[in-house]
Amino acid sequence: KATKSTIEGYLKNYLPKNLDKDATLYVYFAGHGAPDIEKGDAYLVPYDGDPRFIAQTAYQLKNFYDDLDKLNIRRSFVFLDACFSGTAARSDKMLVAGIRPALIHVEDVALTTDKIISLTATKGGQVSSAFPEKRHGLFTYYLLSGMRGPADADKDGWLTSGELFKYVKTNVERISRRKGVEQTPSLTPAPDVIQEVEGIKVGRVGK
């Protein structure tokens, strides 16, 4: 039950007091995202969020990244298995009745610092697909799979952001097209902006 107040409480209160400047933070969110229909701003919808009152009950993605950036730590890695199309994640139902996904414009949040590296399931107004045969979201399945080792292209035991992104993007695009949809994971900042940063140690991840 990840409520808005709990998420904000950890980012704005608990973590600043309990992380040192050399810490690396890993944030994973799987769930609904939704747009502000009038402004195009993207929001994470927490457990108690209501898409009808998006600005009051959800966590604006830009503010979420700003709160991470304010942490006095080395770096944050963010993994978001959510989409911001207005469609309920991994289904064809709309979060808000009466809206048409094709007419919704969702603004991507640009990051210009490598202090936060964000790998997300989709870009723009795309829908985040399910992978029912693997009992995961499509993005989450290949994220976990890549972290077990297959994404380590040079086999040095460490994953760079670029290696993980390439593996996830290639496989998610391939499988989503088989399902008749387009889903393109995105990496922010862009791969050519991110310089070589310390990687993620390859290891076993729970099924």
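Everything in this summary refers to the structure shown in the same document. None of these values were measured; they are calculated from a predicted model.

## Some words on the overall build of the chain
Okay, so step 1: Scanning the chain from terminus to terminus reveals five helices and 11 strands.
Okay, so step 2: Out of the 207 residues belonging to the chain, those deemed buried represent 49%.
Okay, so step 3: Look at the contacts in the chain between residues 6 or more apart in sequence, and 69% of them connect residues 24 or more apart.
Okay, so step 4: In the structure as shown, the chain presents an accessible area of about 11,200 Å², 51% of it carried by carbon and sulfur atoms.

## Digging into the pairing of strand β6 (residues 116–120)
Okay, so step 1: Most of β6 is tucked away: five of the five residues are buried.
Okay, so step 2: Residues I116, S118 and T120 of β6 are buried on one face, and the alternating residues I117 and L119, pointing to the opposite face, are buried as well.
Okay, so step 3: In the sheet, strand β5 (residues 75–81) pairs with β6 via five bridges, with the strands oriented parallel. By the bridge assignment for β6, S76 is matched with I116.
Okay, so step 4: As paired strands, β6 and strand β10 (residues 186–188) are joined by three bridges and run antiparallel to one another. Of the residues in β10, the one forming a bridge with S118 is T188.

## Points about unusual backbone geometry
Okay, so step 1: In this chain, T188 is followed by P189 through a cis amide linkage whose omega measures -5 degrees.
Okay, so step 2: Considering the arrangement of structural elements, one finds P189 in the loop between β10 and β11 (200–201).
Okay, so step 3: Unusually for a residue other than glycine, R135 sits at a positive phi of about 60 degrees.
Okay, so step 4: Among the secondary structure elements, R135 is positioned in the loop between β7 (130–131) and β8 (136–137).
Okay, so step 5: Of note in this structure, K155 is not a glycine but carries a positive phi near 55 degrees.
Okay, so step 6: Relative to the elements of secondary structure, K155 occurs in the loop between α4 (138–147) and β9 (158–159).
Okay, so step 7: For K155, a relative accessible area of 61% translates into the label exposed.

## Things to note about the environment of K62
Okay, so step 1: As for its placement among the helices and strands, K62 is situated in helix α3 (residues 61–69).
Okay, so step 2: For the pair K62 and Y43, spaced 19 residues apart in sequence, the C-alpha to C-alpha distance is 8.2 Å.

## What about the pattern of salt bridges?
Okay, so step 1: Applying the stated criterion to the full structure yields eight salt bridges.
Okay, so step 2: The salt bridge involving E133 is made with K179; its shortest N-O contact spans 3.8 Å. Taken together, the residues E133 in the loop between β7 and β8 and K179 in the loop between α5 (161–178) and β10 connect sequence positions 46 residues apart.
Okay, so step 3: The class of K179 is partly exposed, set by a relative accessible area of 37%.
Okay, so step 4: In this structure, E173 and K169 form a salt bridge, with 3.3 Å as the shortest nitrogen-oxygen distance. Here E173 and its partner K169 are both found in helix α5, four residues apart, which amounts to about one turn of the helix.
Okay, so step 5: Residue classification places K169 among the partly exposed residues on the basis of a relative accessible area of 26%.
Okay, so step 6: Bridged by salt links that share partners, the residues E8, K12 and D67 form one connected network.

## Focus on helix α1 (residues 4–18)
Okay, so step 1: The end-to-end C-alpha distance of α1, which contains 15 residues, comes to 20 Å, matching closely the 21 Å that a straight helix rising 1.5 Å per residue would cover.
Okay, so step 2: The largest bend in α1 is about 40 degrees, located at Y10.
Okay, so step 3: All of the buried residues along α1 are K4, L11 and L15.
Okay, so step 4: Turning to α1, the residues buried within the fold contact β1 (24–30), α2 (54–57), β4 (59–60) and α3.

## With respect to the packing of aromatic side chains
Okay, so step 1: Using the criterion set out here, one finds eight aromatic pairs in the structure.
Okay, so step 2: Centroid distance Y142 to Y167: 6.3 Å. Interplanar angle 65 degrees. Geometry classified as edge-to-face. Taken together, the residues span a long stretch of sequence, with Y142 in helix α4 and Y167 in helix α5 at a distance of 25 residues. The exposure classification of Y142 matches that of Y167, with both residues buried.

Definitions and limits used
- Residues numbered from 1 in each chain as written.
- Predicted model: local features only at pLDDT ≥ 70, side-chain atom pairs only at ≥ 80, totals over all residues.
- Heavy atoms only, no water.
- Helix = DSSP H or I, 4+ residues; strand = E, 2+ residues; numbered from the N terminus.
- Buried < 20%, exposed > 50% of the residue type's maximum accessible area, 1.4 Å probe, protein only.
- Contact = heavy atoms within 4.5 Å.
- Areas by Shrake-Rupley, 256 points an atom, 1.4 Å probe, with all protein chains shown as cover.
- Pairing = 2+ DSSP bridges.
- Salt bridge = Lys/Arg side-chain N within 4 Å of Asp/Glu carboxyl O.
- Expected span 1.5 Å × (residues − 1).
- Bend = angle between axes of the 7 residues up to and from the residue.
- Phe/Tyr/Trp six-rings, centres within 6.5 Å; stacked < 30°, edge-to-face > 60°.

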